[in-house]
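A closer look at the structure
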Amino acid sequence: MCTFSAKDSEASTAGLSKASKTQTKDTPADSGSDQPKKKRSRLDTSIESEEQYLAKVEVKIKMPEELKVWLVDDWDVINRQQKLILLPAKLTVDQILDNYLASKKASKSCSAAKLSVYGDVVEGIKEYFNVTLGSQLLYKFERPQYAEVLQEYPDTPMSQMYGAIHLLRLFVKLGPMLAYTSLDEKATQSLQVHIQDFLKYVVANRATLLNLQDYGNATPEYHRKVQ
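Definitions and cut-offs
Residues numbered from 1 in each chain as written. Predicted model: local features only at pLDDT ≥ 70, side-chain atom pairs only at ≥ 80, totals over all residues. Heavy atoms only, no water. Helix = DSSP H or I, 4+ residues; strand = E, 2+ residues; numbered from the N terminus. Buried < 20%, exposed > 50% of the residue type's maximum accessible area, 1.4 Å probe, protein only. Contact = heavy atoms within 4.5 Å. Areas by Shrake-Rupley, 256 points an atom, 1.4 Å probe, with all protein chains shown as cover. Core = buried A, V, L, I, M, F, W, Y, C linked by side-chain atoms within 4.5 Å. Salt bridge = Lys/Arg side-chain N within 4 Å of Asp/Glu carboxyl O. Phe/Tyr/Trp six-rings, centres within 6.5 Å; stacked < 30°, edge-to-face > 60°. Expected span 1.5 Å × (residues − 1). Bend = angle between axes of the 7 residues up to and from the residue.

The next thing to look at is the overall build of the protein. When its secondary structure is counted, the protein shows 10 helices and two strands. Beginning at the N terminus, the succession of helices and strands in the protein can be written as α-α-α-β-α-α-α-α-α-α-β-α. Here the protein, with 227 residues, has 43% of them falling under the buried criterion. Contacts spanning at least 24 positions in sequence make up 87% of the contacts within the protein whose residues lie at least 6 apart. In the form shown here, the protein has an accessible surface area of approximately 12,800 Å², with 51% of it arising from carbon and sulfur atoms.

Here you go:
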């Protein structure tokens, strides 16, 4: 079902695209907190006026209760049970988002203009996922695995390797990240609507997208790497 105005959504998709471009491409070094970081004046609150700080609009993303349960389980499986998600994922981030877009194309009520907006949103989410995964979306126990994947698949976007649970982690982090973009209130509201619509899609398809069988035991050698 299509319910969004293409005109109202233009600003939000542009904002999401700009937001993703403010990040740098992930490397193993990006994940380390002890790595020197380049100064970024846009994040330097010491030269930012109080009015500018208060004017920032945060995109508040409401995670459905059905998906919160999976995020809690995911934390437990990775950090307490010390298992790893199996990669490549059975359904990757790219495939999930493409399937979502295909469901919109199948709706007779979607105009070409609306479908174009959905396509822009999907591409923006993919890009944002790829540039934030290594530095924002991984637990410490997963970092050696991520480094191995980068080494083995240096030219493959991580959205073609990781799947639904890491995509959900992105939406937990995305709201505060977007506060540093130039989104105005109207664009923020429009972007919220699009993201919540996608999360409803994930809820409806969670039996296919989320499965504890997608995790596997880490080898003794891997445990030594983490230590």
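That was the structure; now back to the text.
As a rule of thumb, soluble globular proteins bury nonpolar side chains together. Membership of the largest hydrophobic core comes to 54 residues, with the highest contact counts inside it found for Phe129, Met158, Leu167, Leu168, Phe171 and Phe198. The set of elements that each furnish at least two residues to this core consists of helix H3 (65-80), strand E1 (83-85), helix H4 (93-105), helix H5 (112-136), helix H6 (143-152), helix H7 (164-178) and helix H8 (185-204). Setting aside chain neighbours within four positions, we find Phe171 in contact with Ile61, Met63, Ile125, Ile195, Phe198 and Leu199.

Moving on to the pattern of salt bridges. Counted by the stated rule, this structure contains eight salt bridges. For Asp74, the salt bridge is made with Arg169, and the minimal N-O distance between the two is 2.9 Å. One end of the pair, Asp74, is in helix H3; the other, Arg169, is in helix H7, and 95 residues separate them in sequence. One exposure class covers both Asp74 and Arg169, and it is buried.

So, about the packing of aromatic side chains. Summed over all chains, the structure comprises six aromatic pairs. On the basis of an interplanar angle of 85° and a centroid distance of 5.1 Å, the ring pair of Tyr100 and Phe198 is categorised as edge-to-face. One end of the pair, Tyr100, is in helix H4; the other, Phe198, is in helix H8, with 98 residues separating them in the sequence. Judged by relative accessible area, Phe198 falls into the buried class, the value being 2%. Centroid distance Tyr100 to Tyr201: 5.3 Å. Interplanar angle 65°. Geometry classified as edge-to-face. Residue Tyr100 is located in helix H4, and its partner Tyr201 is located in helix H8; the two are separated by 101 residues in the primary sequence. Here Tyr100 and Tyr201 have matching classes, each one buried. By way of ring pairs, the aromatic residues Tyr100, Tyr118, Phe171, Phe198 and Tyr201 are connected into one cluster.

Along its 15 residues, H7 runs 21 Å from first to last C-alpha, staying within 8% of the 21 Å computed at 1.5 Å per residue. Along H7, the sharpest kink reaches roughly 35°, centred on Val172 and followed within four residues by the proline Pro176. Among the 15 residues that make up H7, 12 are buried, leaving the element largely enclosed by the rest of the structure. By the burial criterion, the buried members of H7 are Ala164, Ile165, His166, Leu167, Leu168, Arg169, Leu170, Phe171, Leu174, Gly175, Met177 and Leu178.

Here the amide bond leading from Leu87 into Pro88 is cis, since omega sits at -5°, within 30 degrees of zero. Along the chain, the position of Pro88 falls in the loop between E1 and H4. If you check the backbone angles, Gln82 has positive phi at about 55° while not being a glycine. For Gln82, a relative accessible area of 32% translates into the label partly exposed.

Let's shift gears to the side chain of Asp74. Given the relative accessible area of 0%, Asp74 is considered buried. Contacts of Asp74, omitting those with residues within four sequence positions, involve Tyr139, Ile165, Arg169 and Tyr215.

What follows is about the environment of Leu137. Secondary-structure assignment places Leu137 in the loop between H5 and H6. Classification of Leu137 as buried rests on a relative accessible area of 3%. In contact with Leu137, other than residues within four places in its own chain, are Phe129, Thr132, Glu142, His166, Arg169, Leu170 and Lys173.

This part covers the side chain of His166. Inspection of the secondary structure assignment puts His166 in helix H7. Apart from residues no more than four positions distant in its own chain, His166 is found in contact with Ile85, Phe129, Leu133, Leu137, Leu138 and Glu142.

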